[in-house]
Amino acid sequence: MDHLPPAPPRSPMENSSSTKPPTPASTPSSRLASSPSSRLSSAPPHPSLSSSAPTPASRTVYSDRFIPSRTGSNLALFDLAPPPSHDAASASASSPGAPSGSTLTSSPYCALLRAALFGPTTPDRVASSATACSSSSSAGASPVGSPATGNIFRFKADVPRSAKRALFSGGADEGVLFPGVFTARGTGPRKIPRSPYKVLDAPALQDDFYLNLVDWSSHNVLAVGLGNCVYLWNACSSKVTKLCDLGVDDTVCSVGWAQRGTHLAVGTNQGKVQVWDVTRCKRIRTMESHRMRVGALAWSSSLLSSGSRDKTILHHDIRAHDDYISKLAGHKSEVCGLKWSYDNCQLASGGNDNRLYVWNQHSAHSVLKFTEHTAAVKAIAWSPHLHGLLASGGGTADRCIRFWNTTTNMHLNSVDTGSQVSLPPI
C-alpha cells in the first residue's frame, strides 16, 4: 500500500474549506481593486513605517468601503426618457467651469434621482454634481409639498409671514393674531386703566393707614378683613365666603396668605395671631405672644413673622409647639410693614418711626437701617427679578417711593407720588 506524503502545516487563520487561495481575477471583488479607493487603500504604507516589515508584492489589501457598480443595471425597467444627444452633452462638457465628469448629470440614473427627489417638473440643468443638486433643490422648491407631484419629500403648509413677524418681532399684525400678548414697539409706557373693572362692597372696612386688611393669594383669592370678620372673594368664580368671625370683643387688623395659598394668617386687635386652613375653613393655630394689636404679617415657607404696636417682630414656626421661636427688637414705634424677600433670606420691616430695617434669617439685630423716609413706612416690596432690590413707600408727610440696593447698602432712586403710599404692588 502506497503511503501519501504528509500535508504541509496550515496557518491557524487559513480557511479549512479551501486549500488554494483564489486569484484576484476569479473573485467578484476584483472590480473593487480597480476603483480609486481600492488603489489608495492598497498603496504601500509610509516608507518609515514599512521599512521594518515590507508588504509582500503578491498580497492585495482591499478597502473596507463597498462602492457599488451600476454598469449592469437595467434602467429600462423605469421607463425613462432617452438621454440627451451627444452634441448637447459635448456642448455642456465644453462650457466654462464644467468639470470633465459633468456629462454624468445627464445619465438616466441622475434624471431618475432628481425626479424622485424634486419632482418631475424640475428643469434639467447640466452642471457639476454638487451644483446640479443645489440648483435642482432651489428650482424644485415650488412643487415640493404639492400632492400632485408625488415627491418623496413632503412638508406641511408654510407658516404665513405675518405670523412669523408677530412671533419674532413687533409687527403691526401681532395685535390681531395674539391680542393681549404682544405690545407694539415705540408706543411708550404701558397705560394703566383708571376705571376699575370690578367693584366690591366692603362695609365696616377700617379707615386706618397702619393696618393691612387686604391680601391676594396665589390661587387668585382675595382676603379682606371687615370689622371682626374675614371674607374671601374668588376672582375666578366671584364667590364670596365668610372665613371667620372673631366676635364682638376683637377686630381684624391684618391678613396674610402663605405662598401656597392654602393657609391664611389673621392678626387681631388683642395681639393674637391665628392661622386658618382655607380649604377646610378651620382654624389650626392661635398664638398669643404680642401685647398689642398685630398690624403686619409676612410668610416665609413655614415661618410666619408678625409685627405689632408693641414695637416687636416675632417669628412663629407653625410646626413648633412654642408660640414664637425668636424676637426682633429695633423699631421705636409700631411695626406697620413686613415683607420677606423671594429667596427667603432677608426680611424688610417698616415702622411708624419712619425707619426701614433689613434683617437676615439668623441675626437678632438688623443688618441694614435706612432713615431717608420722613413718614411711616408701610408699603414694602422686593423685586422678583433682581436680587437685593427693595422698594418702600412713605406716608402723608413723605409721599415718596424709594429704591434700595440691600447688597451694597445704597439708595438708588426716589419718586415723589404726590400722595401717601399705602399698599405695595400686588
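Residues numbered from 1 in each chain as written. Predicted model: local features only at pLDDT ≥ 70, side-chain atom pairs only at ≥ 80, totals over all residues. Heavy atoms only, no water.

Attention now goes to the overall build of the protein. Along the protein, the regular secondary structure elements total eight helices and 20 strands. With 426 residues in all, the protein has 33% of them scored as buried. The long-range share in the protein, meaning contacts at least 24 apart out of those at least 6 apart in sequence, stands at 37%. For the protein, the computed accessible surface area is about 27200 Å², with 56% contributed by carbon and sulfur atoms. (Helix = DSSP H or I, 4+ residues; strand = E, 2+ residues; numbered from the N terminus. Buried < 20%, exposed > 50% of the residue type's maximum accessible area, 1.4 Å probe, protein only. Contact = heavy atoms within 4.5 Å. Areas by Shrake-Rupley, 256 points an atom, 1.4 Å probe, with all protein chains shown as cover.)

Moving on: the sheet that holds strand 7 (residues 273-277). As summarised here, the arrangement of the four strands in space is 5-6-7-8, forming an open sheet in which the pairing is antiparallel. Lying at the two open borders of the sheet, with one neighbouring strand each, are strand 5 (252-257) and strand 8 (282-287). In this sheet, neighbouring strand axes are inclined to one another by 20° on average, regardless of whether the strands run parallel or antiparallel. (Pairing = 2+ DSSP bridges. Axes fitted to C-alpha atoms, helices over the stretch in contact; angles between N-to-C directions.)

A few words on the environment of Y357. Structurally, Y357 is set in strand 15 (residues 356-360). In sequence terms Y357 and H331 are 26 residues apart; their C-alpha atoms lie 8.4 Å from each other. For Y357, the residues in contact, after removing those within four places along its chain, are G330, H331, L347, A348, S349, S366, L368 and K369.

This part is about the sheet that holds strand 16 (residues 368-370). Sheet architecture is open: four strands sit in the order 13-14-15-16, paired in antiparallel fashion. With one partner strand each, in any of the chains shown, strand 13 (335-340) and strand 16 form the two edges of the open sheet. Direction aside, the axes of adjacent strands within the sheet are offset by 20° on average. Where strand 15 and strand 16 come together, three bridges link them in antiparallel fashion. The partner of L356 across the bridge, within strand 16, is F370.

Before going further, it helps to spend a moment on the pairing of strand 20 (residues 410-416). Across six bridges, strand 19 (residues 400-405) lies against strand 20 in antiparallel orientation. Counterpart to F403 in the pairing with strand 20 is N413. Turn length for the strand 19-strand 20 hairpin, with the two strands adjacent in sequence and antiparallel, is four residues, and the turn residue N409 shows positive phi of about 60°.

In the predicted model, the protein carries a mean pLDDT of 74, and 58% of its residues have values of at least 70. Here residues 92-103 is modelled with pLDDT under 50, and outside its nearest four sequence neighbours on either side it reaches ten contacts, counting other chains as well. Confidence over residues 162-184 falls short of pLDDT 50; this stretch has 22 contacts with residues more than four positions distant or in other chains. (pLDDT = per-residue confidence, 0-100.)

On to the environment of S392, then. Checked against the element boundaries, S392 lands in strand 18 (residues 389-394). Between the C-alpha atom of S392 and that of R402, which follows or precedes it by ten residues, the distance is 5.4 Å. Non-local contacts of S392, meaning those with residues more than four positions away in its chain, are made with L356, H373, V377, A379, C400, I401, R402 and W404. One polar contact links S392 to H373, side chain to side chain, over a distance of 2.8 Å. (Polar contact = N/O pair within 3.5 Å; in protein donor to acceptor, adjacent residues only side chain to side chain.)

Time to look at the pattern of salt bridges. Applying the stated criterion across every chain yields a total of nine salt bridges. Between R293 and D208 there is a salt bridge whose closest N-O contact spans 3.1 Å. Of this pair, R293 sits in the loop between strand 8 and strand 9 (294-300) while D208 is found in the loop between helix 8 (174-177) and strand 1 (214-216), placing the two residues 85 residues apart along the sequence. Take R293: its relative accessible area is 8%, and that puts it in the buried class. The class for D208 is partly exposed, based on a relative accessible area of 25%. A salt bridge links D245 to K242, with the nearest nitrogen and oxygen atoms 3.6 Å apart. Classification of D245 as partly exposed rests on a relative accessible area of 44%. By relative accessible area, which is 44% here, K242 ends up partly exposed. Sharing partners across several salt bridges, the network here consists of D208, R293, R309 and E334. (Salt bridge = Lys/Arg side-chain N within 4 Å of Asp/Glu carboxyl O.)

So, on to unusual backbone geometry. In this model, K311 sits at a positive phi of 75°, which is unusual for a non-glycine residue. In this structure, R399 is a non-glycine residue whose phi angle is positive, near 60°. Tracing the backbone through its elements, the reader meets R399 in the loop between strand 18 and strand 19. Given a relative accessible area of 31%, R399 falls into the partly exposed group.

With that settled, consider the packing of aromatic side chains. The final tally for this structure, using the stated rule, is four aromatic pairs. Measuring from ring centre to ring centre gives 5.8 Å for Y357 and W359, while their planes differ by 35°; the resulting arrangement is tilted. Like W359, Y357 is buried. Positioned above the aromatic ring of F209 is the side chain of K378, whose terminal nitrogen or guanidinium carbon lies 5.3 Å from the ring centre. (Phe/Tyr/Trp six-rings, centres within 6.5 Å; stacked < 30°, edge-to-face > 60°. Lys NZ or Arg CZ within 6 Å of the ring centre and 35° of its normal.)

Here the focus is the pairing of strand 17 (residues 377-382). Where burial is concerned, most of strand 17 is hidden: six out of the six residues are buried. Across five bridges, the pairing between strand 17 and strand 18 is antiparallel. The residue of strand 18 that forms the bridge with A381 is A391. Between strand 17 and strand 18, which pair antiparallel and follow one another directly, the connecting turn spans six residues, one of which, G388, has a positive phi of 85°.

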